[in-house]
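# Geometric and topological summary
The primary structure of each chain is shown beneath.
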Amino acid sequence: MTAPRKGRITKISGNMVTVSFDSPVMQNEVAYILHQAERLKSEIIRVRGKLAEMQVYEETSGLKIGEEVEFTGELLSVELGPGMLGQIFDGLQNPLPEIARQCGFFLKRGVYFKALSDTQVWDFTPLVKPGDRVRAGDKIGFVVEKIFRHYCMVPFSLQGNFEVVSIENAGTFTIREAVAQIKDLDGKIYPVYLSQNWPVKIPIQAYAEKVKPDEPLVTKMRLIDSLFPVARGGTYCIPGPFGAGKTVLQQLTSRHADVDIVVIAACGERAGEIVETLKTFPTILDPRTNRLLSDRTVIISNTSSMPVAARESSVYTAVTIAEYYRQMGLHVLLLADSTSRWAQAMREMSGRLEEIPGEEAFPAYLESRIASFYERAGAVRLYDGSTGSVTIGGAVSPAGGNFEEPVTQATLKVVGAFHGLSRSRSDARRYPAIDPLISWSKYKSFIDEKQKERGHGILRKGFDVAQMMKVVGEEGTSLSDYVDYLKAEFFDFVYLQQNAFDAVDEATPKERQIYVFDFIYRILESEFIFENKDTALHFFQQLRQLFKGWNSAPWQSEEFEKNEKEIRVFSLERLKKG
Amino acid sequence: MQKLYTNIIQIAGDVITVEAENIGNTELAQVITKHGTSLSQVIRLDGKKVFLQVFAGSRGISTGDKVRFLGHPMRIATGNMLLGRIFNGSGIPLDNGPDLSENLVDIGGPPVNPVKRIIPNKMIRTGIPMIDVFNSLVESQKLPIFSIAGEPYNELLARIGTQAEVDIIILGGMGLKYDDYLFFRDTLEEHGALSHSIVFMHTAADPVVECLLVPDLSLAVAENFALEGKRVLVLLTDMSNFCDALKVISITMEQIPSNRGYPGDLYSQLAARYEKAVDFDTAGSITILAVTTMPGDDVTHPIPDNTGYITEGQFYLKNGVIEPFGSLSRLKQQVNGKTRDDHRTIMDTMIQLFAEYRETQEKQAMGFQMSAWDMKLLKYGKLFEDKMMSLAVNISLEKALDLGWEILHDCFSPEEIGIKKSMIDKYWSKKV
């Protein structure tokens, strides 16, 4: 072992520290500031001459000029292995429950814990035998983590082909014990453990190919699945002003989305919200697996009062964990709330580096950073033929609720679907407050294309008529326009809006969506006979009431069929004959 | 150890630069001038250059003045000795009482570990129907009062403070007029609340930078009480002054402004304070109510905008009343299901009808015909405004719910308002 390379602090400004050094340093290398007994994690983000500028992942009060800094020679990495499901990490992958056990109520500066337990034992089952040829990402065995086969894989960092030299028999191991030895063409031996390290800012690419995301990811939200769908391996963003319900939407998605694993990255948002998730998930059963929701969830929590620099690392930590589970052939959904806070952290650091500011003082590289983050999503075909996916859904918090701002615009350029929340919809208590007139999706819906278009069409028409009515009043609107307006309102009320407090209505499965959409399509296409506007209004109000009951009736139950019949009979009365 | 430094090499705005060695970031220093001694804090270190933000402002500081570093960050005494006391923005007594130095704690301490928080579940009753019924305040909530100059926001804050059922009240005043300071002091005294209150008061006449410490001082003291199991209510007014002070310092430090001159870290700065609101697992709680005056009544201005993203809702005070639209308590669902069984029904129904009333008002203003239903709504809206919205109303939650039924009864028939039959049966005929 050579002595660690060291440097000394020459400048401190907020969470940026400048260090002088005289041995080589690496961009994005992790370094520790030695302050009395504390070791504060930081990362080199710029090197100029003999000075390196570092962002410190901790609060910097008390640091002094001349204090020592120790360079590690490593990039910021996470440890990937069994034991992450159900865990709550901070942005640097420290397990928060462990910190609470050791430090009490508060997060202590410079206290770091191993992400995974050294002592927990796992039942290992081998999948290869000596002599087999393997490469990075190949599965050599598995352990069972909660409900999944957690595969032990050849380290992603190894390049080329390898031969299995030895492999342990089935038995129990900790993550610190090697379960196999492999050798490269030159005969050099590498051990394989149940866990491995990976630098967070580099995508894991140990797969055969990236494929086009075309399989829908069912979120059980009708408005999303039917009109603005998301694909497994795709990306989407949810921008919205405060109070429009971004977080509630993300929470509902994390509960109901049809994926194997959900990674939640709470990035610079309220602690209260993550508390709700982490206290309720261990008590809610996932209807698909009949296991606790927390068994399929990993939470990365860097709330708004936690160190700013770690916000950036929290989204990268989250996406790396998501990619890791994808390598096992699982479908993973990453929910990041909110990417704007991460962008703001970049802006803060850019300001301290005295870089020339771009729009609204965001750095010029904002767009490329956001793009490369979303590009880590994708559906992949693995070497063994199985497929896995990482879907990224990012909340965006635009300043002033104005979607023209740089973070929203940079995000819109790279995502496959846009779910724009509007203040007017949330003020009118129409939830989810996704505005169907501004949102879009490039993915294919499971709803018939023609029917879907009709849905979009009636919403646009209804909006136009409503605008007109504001000027000319109800009396100045023709009956047929007025009926279109009522149809649009009806479609909005009974299909697009969902009651999150109703056990049935809060999540609608795919089959039911197709069935009900078809039903509504026929109502939208029907011509009804009304004497005047009042009878039309009355008819649709009653229809709406009937649908409300139908929406709360469990799928394919007796009640469901009874309600459906009632609606058919009721609407037939008004139908134009022939 | 307490060496004096005399080489002040730069004075710009309220920031002075002195050459010194072995100084810690955010450490405190005394600047000793012939006009008196002022506290200052290290905000940047660059080689030998130490940048100090002087709380009393830089006016009258000469390049030959002395600087003494104290070797520790800002601290404040805590504990029961503080109750009933009034301090300024540097923690110096304003009430002729003794200086305190018991149980000193650093201000701006570390964040709470999220796993040591609990889901908030206790309602704080205020006696104001627009809050209790429609947007319940919940223990550990952080809630701003969005308002504009001229509105009675300080009166509202004082009233909530004196009527809320909490153990300790901490008032942090930033840039207040001296009259407002006297108003708060007298109100607390009149209601006998001063004995369990602590006041940190920065008035408009005090140096701008001094108000930067007020939230941190208030919250550090609050945190200490909360850890001892006390339920603390922190009232902050006006956070816009705090933000403006941040702007002044960041521009003096030549930081690149992000939006309308405010620093890029405004969100983080505000969050660091508001996130101190907490309900501790196995200890007390901190609830924060803060006034944010919106320049030009513009909710998209950076101060209210960033605040709204941090806090758990907002009360919107306009034309002397708490506006039902625009006001929101994100945590109300946690508590309003277990007060009285008709709470949510009354809340939803009355707000819905009030929204219709507003639409009718618009129609009326545009000269459209008024139907019988419109007339009913107009009557209802008037009653709602007089009996529920007015800030003069001061009744318990239960009385307010009864009053709600009474108003509905006076204006509508039961089938018109879409309330569940079981609720109607239970409450409709009940004569109040």
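This text follows the structure it describes.
All values derive from a computational prediction rather than experimental measurement.

Okay, unusual backbone geometry next. Note the cis peptide between Asp 337 of chain A and Ser 338 of chain A, where omega equals 5°. Looking at the element boundaries, Ser 338 of chain A is found in the loop between β26 (331-337) and α6 (339-352). A cis amide bond links Thr 237 of chain B with the next residue in sequence, Asp 238 of chain B, at an omega value of 5°. In this structure, Arg 260 of chain B takes a positive phi of about 50° despite not being glycine. Mapped onto the fold, Arg 260 of chain B is located in the loop between β17 (257-259) and β18 (262-263). Among the residues examined, Arg 260 of chain B registers 10 C-beta atoms within 10 Å and is labelled exposed.

All right, on to the sheet that holds strand β16 (residues 189-192) of chain A then. The pairing of strands in a sheet happens through backbone hydrogen bonds and is either parallel or antiparallel. Residue and element names in this part refer to chain A. Spatial ordering of the open sheet is given by β10-β13-β15-β16, a layout of 4 strands whose pairing is antiparallel. Every other strand in the sheet has two partners, leaving β10 (133-135) and β16 as the edge strands with one partner each. For this sheet, the mean angle separating the axes of adjacent strands, direction not counted, is 45°.

We now examine the interface of chain B and chain A. Chain B puts 44 residues into the contact, and the matching count from chain A is 50 residues. The set of elements that each furnish at least two residues to the side of chain B that touches chain A consists of β5 (36-46), β17, α6 (266-274) and α7 (302-310) of chain B. Residues of the side of chain B that touches chain A, tallied by class, amount to 22 nonpolar, 14 polar and 8 charged. Bridge count for strand β1 (residues 6-13) of chain A against β5 of chain B is 3 bridges, and the pairing is antiparallel. Residue pairing in the sheet places Ser 13 of chain A in a bridge with Arg 44 of chain B of β5 of chain B.

Burial of α7 of chain B is extensive: 9 of the 9 residues sit out of reach of the surface. Buried within α7 of chain B we find Pro 302, Ile 303, Pro 304, Asp 305, Asn 306, Thr 307, Gly 308, Tyr 309 and Ile 310 of chain B.

Looking now at the sheet that holds strand β12 (residues 148-153) of chain A. Residues and elements named next belong to chain A. If you walk across this open sheet you meet the 4 strands as β12-β11-β9-β14, and the pairing is antiparallel. The open sheet is flanked by β12 and β14 (171-173), the only strands paired with a single partner. Averaged over all adjacent pairs, the angle separating strand axes in this sheet is 40°, with direction ignored. Where strand β9 (residues 122-126) and strand β11 (residues 139-145) come together, 2 bridges link them in antiparallel fashion. Across the sheet, residue Thr 125 finds its bridge partner in β11, namely Phe 142.

Cut-offs applied
Just so you know, the residues in each chain are numbered from 1, in the order the chain's sequence is written. Here every chain gets a letter starting at A, and every ligand a number starting at 1, in the order they are written. Residues qualify for local features only when their pLDDT is at least 70, as the model is predicted, and side-chain atom pairs are given and counted only at 80 or more; totals for whole chains, interfaces and linings, by contrast, use all residues. Helix numbers and strand numbers start at the N terminus; a helix is a DSSP run of H or I with at least 4 residues, a strand a run of E with at least 2. Neighbour counting defines burial: a residue surrounded by 20 or more other C-beta atoms within 10 Å of its own C-beta is buried, one with 12 or fewer is exposed, and intermediate counts give partly exposed, using backbone-placed C-beta atoms. At least two bridges found by DSSP between two strands are what make those strands a pair. Between N-to-C directions, angles cover 0 to 180 degrees, with each direction set by a line fitted to C-alpha atoms, over the stretch in contact for helices. Remark: residues whose backbone-derived C-beta atoms lie within 7 Å of one another are considered to be in contact. Classification convention: Asp, Glu, Lys, Arg as charged; Ala, Val, Leu, Ile, Met, Phe, Trp, Tyr, Cys, Pro as nonpolar; all other residues, Gly among them, as polar.

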